[in-house]
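Remarks on the overall topology
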Amino acid sequence: DAKTTQPPSMDCAEGRAANLPCNHSTISGNEYVYWYRQIHSQGPQYIIHGLKNNETNEMASLIITEDRKSSTLILPHATLRDTAVYYCIVRVAYMGAQKLVFGQGTRLTINP
Amino acid sequence: SAVISQKPSRDICQRGTSLTIQCQVDSQVTMMFWYRQQPGQSLTLIATANQGSEATYESGFVIDKFPISRPNLTFSTLTVSNMSPEDSSIYLCSVEDKGLAGYNEQFFGPGTRLTVL
């Protein structure tokens, strides 16, 4: 079973920041938080991951709470092309290839 | 970062028949993963395929229904056997490889959309 819970859907206006929450209250000390997204009819795409520090890359920012029980993915300036299902996944990293356990994700709709 | 292709991209099949899906990676990888995505649902892992050994199946999936081959480090096949309409799904393969930032990521193929009549 997935170890994360996410709201099933969210809406955001184009150009605004999209903040996607994720709860992972049973996360273990050696588990990372990963975010993937799946644009309609495509395979999932990696976005970002983190352990306990906030992370930022060219796609998004990841904010992880101090107790690591929840996190937020931030798309700073959402565009229509960011409409997708976003998956928050916890997994052990850097120990060889690991399977991913997908929850239901959040369906994000960016509105013009 | 790995680039993955799958064949066929889509197919429509009759119940009772079998379909073999091919997954080709442009680099050598140890593990390959096969997922199923039923209509409107999330992804579910079917099995993990290591080169030179039997695939490891997740609960609810069996080798007789979903036989997997892994003849080398860049290729795998998944067969959906004795198909029924409930097998209508998108089937995706994935691998783990270094991404552009140097961290391990999972890369997914474009998927095979299967419809069983």
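The structure this text deals with has already been given above.
Residues numbered from 1 in each chain as written. Chains lettered and ligands numbered in written order. Predicted model: local features only at pLDDT ≥ 70, side-chain atom pairs only at ≥ 80, totals over all residues. Heavy atoms only, no water.

Considering the overall build of chain A
- Of the regular secondary structure elements, chain A holds zero helices and nine strands.
- Counting helices and strands in the order they occur from the N terminus, chain A gives β-β-β-β-β-β-β-β-β.
- Projected onto its principal axes, the C-alpha positions of chain A cover 40 × 30 × 25 Å.
- With 112 residues in all, chain A has 46% of them scored as buried. (Helix = DSSP H or I, 4+ residues; strand = E, 2+ residues; numbered from the N terminus. Buried < 20%, exposed > 50% of the residue type's maximum accessible area, 1.4 Å probe, protein only.)

A word on the pairing of strand β9 (residues 89–98) of chain B
Residues and elements named next belong to chain B.
- Summarising burial for β9: eight of the 10 residues are buried, a large majority.
- Pairing geometry for strand β4 (residues 31–37) and β9, over six bridges, is antiparallel. By the bridge assignment, Q37 is partnered in β9 with I90.
- The pairing of β9 with strand β11 (residues 112–116) spans three bridges and is classified as antiparallel. In the sheet register, S89 faces β11, and the bridge partner there is L114.
- Between β9 and the antiparallel strand that follows it, strand β10 (residues 104–108), lie five residues; G102 among them carries a positive phi value of about 90°. (Pairing = 2+ DSSP bridges.)

Quick look at the pattern of salt bridges
All names here are of chain A.
- Using the criterion set out here, one finds four salt bridges over all chains in the structure.
- Between D82 and R37 there is a salt bridge whose closest N-O contact spans 2.8 Å. You can see D82 sitting in the loop between β7 (70–75) and β8 (84–92) and its partner R37 sitting in strand β3 (residues 31–38), a full 45 residues away along the chain. Like R37, D82 is buried. (Salt bridge = Lys/Arg side-chain N within 4 Å of Asp/Glu carboxyl O.)

Quick notes on unusual backbone geometry
- The step from K7 of chain B to P8 of chain B runs through a cis peptide bond, and the omega angle for that step is -10°.
- Here the phi dihedral of R68 of chain A falls at roughly 65°; this positive angle occurs in a residue that is not glycine.
- Here R68 of chain A shows up in the loop between β6 (61–64) and β7.
- Of note, N82 of chain B is a non-glycine position whose phi angle comes to about 45°, a positive value.
- Within the secondary structure, N82 of chain B is located in the loop between β8 (75–80) and β9.

Thoughts on the pairing of strand β9 (residues 106–111) of chain A
All names here are of chain A.
- Alternating residues of β9 divide into T106, L108 and I110, all buried, and R107, T109 and N111, none buried.
- Here strand β1 (residues 9–13) runs beside β9; their pairing, made up of five bridges, is parallel. Note that in β9 the partner of S9 across the bridge is R107.

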